[in-house]
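Summary of the model geometry
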Amino acid sequence: MRIQKRLSAVLLTLLLSCALVLTTTLAYAAQPAPLWSRSGSCGINVRMLYDGKPLAGGSLTLYQVGYVNGQSMEFTLTSDFAGSNEKLGGFATDYKSSLAWNLWMYAKNHNIQGTTKEIGATGEVKFEGLDFGLYLVVQKDNEHASGYDPIDPFLVSLPMYTEEEGYDYYIDAEPKIDKPNPPSPGGGDEEKPDEPSSEVSSEPESSQPESSEPESSQPESSQPESSQPGESSEPTSSEPGSTPGGTTPGGNTPGGNPPGGGTTPGGGSSTPTLPQTGQLNWPIPVLVVAGLSLILVGWGVNYNSKSRKSHEA
């Protein structure tokens, strides 16, 4: 029994391995072979546009970083970039920007020369007559148009394969162009508005001695005996509820505003209160009693009707 189990396990492992190999082969065969005769007649057209308008000036440099060995659909690093030890894909690979940056840094550090072309008035640069391979397009620091940032390096596969369109042997590329932000106008002027604010805040400090004068004149507060009407503090201390026409019916209201137009003990008028709208509170208990009475009457009528029905039955 143990031998049979081991044999069945071995056979199952072999079947799974064969299925994996068959699936990989079918997936590779699903991608049709390109027209190998097109090698040497491929091209890359780079369109330099900003806000939909051609951007002339500067130049672009092209490097071939990978080539096709025989009729393989995978790229191999060229001799110039072999020392980078980067892993390349094939015709259907979606290349990341990090790989383009790494290859560009390697080219800069090793002084690798590429093919440079000027950007004309149409904003287009055409690299034609290219073999199958993987190409790197860069714009050096001194090759960008005046007033604009250089584009990020990017990779182009020749040919490029997609399941929707198949093989493409002539690639139209439109890189993103960024315009540097201008410096904020009047950078030093923003600090100037702070200076008046400090001056304004310093004025009340200088006037503090003036605010202390009433405190020093407190002995003069004993002058209400002479009943001087000119001082605003005296009416509030002697007659807080008085009005020009007489006293208010409510008398003194500490911290409030009497209906007759009095003042608060602090000397200034209090915040206005909501006006009276003629609302009366006396109907509330009347309505409550009336509602309870109606409920009792309804309960009695319902009880009498039930008792009559019980007697009739």
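Read on for a plain summary of the structure. Since we're looking at a predicted model, the values are computed, not measured. (Residues numbered from 1 in each chain as written. Predicted model: local features only at pLDDT ≥ 70, side-chain atom pairs only at ≥ 80, totals over all residues. Heavy atoms only, no water.)

Attention shifts here to the sheet that holds strand β7 (residues 124–130). With mixed pairing, three strands are arranged side by side in an open sheet as β7-β1-β12. Pairing within the sheet leaves two strands with one partner each, and these edge strands are β7 and β12 (170–173). Sheet twist, expressed as the mean angle between neighbouring strand axes with direction ignored, is 10°. Of the pairings in the sheet, the one linking strand β1 (residues 42–47) to β12 comprises four bridges and is parallel in character. Its bridge partner lying in β12, Asn-45 is registered against Asp-172. (Pairing = 2+ DSSP bridges. Helix = DSSP H or I, 4+ residues; strand = E, 2+ residues; numbered from the N terminus. Axes fitted to C-alpha atoms, helices over the stretch in contact; angles between N-to-C directions.)

Turning next to the environment of Trp-104. Relative to the helices and strands, Trp-104 resides in helix α2 (residues 97–109). Note on Trp-104: relative accessible area 8%, which makes it buried. For the pair Trp-104 and Pro-153, spaced 49 residues apart in the sequence, the C-alpha separation amounts to 7.1 Å. (Buried < 20%, exposed > 50% of the residue type's maximum accessible area, 1.4 Å probe, protein only.)

Let us look at α2. Taking 1.5 Å of rise per residue, the 13 residues of α2 would be expected to cover 18 Å, and the 18 Å separating its terminal C-alpha atoms lies within 8% of that figure. Taken as a whole, α2 has its buried residues at Leu-99, Ala-100, Leu-103, Trp-104, Tyr-106 and Ala-107. Seen end-on, α2 carries its buried residues on one side only, within an arc spanning 160°. Structural note: α2 exposes Ser-97 and Asn-109 on the side pointing more than 90 degrees away from its buried face. (Expected span 1.5 Å × (residues − 1). Arc of directions from axis to C-beta.)

On to unusual backbone geometry, then. For the peptide bond that leads from Leu-158 to Pro-159, omega is -5°, which places it in the cis range. Residue placement: Pro-159 occurs in the loop between β9 (154–158) and β10 (160–162). One non-glycine residue, Asp-51, adopts positive backbone phi at about 55°. Of note, Asn-111 is a non-glycine position whose phi angle comes to about 50°, a positive value. Residue placement: Asn-111 occurs in the loop between α2 and β6 (115–118). Judged by relative accessible area, Asn-111 falls into the exposed class, the value being 60%.

The values are spatial; any link to function lies outside them.
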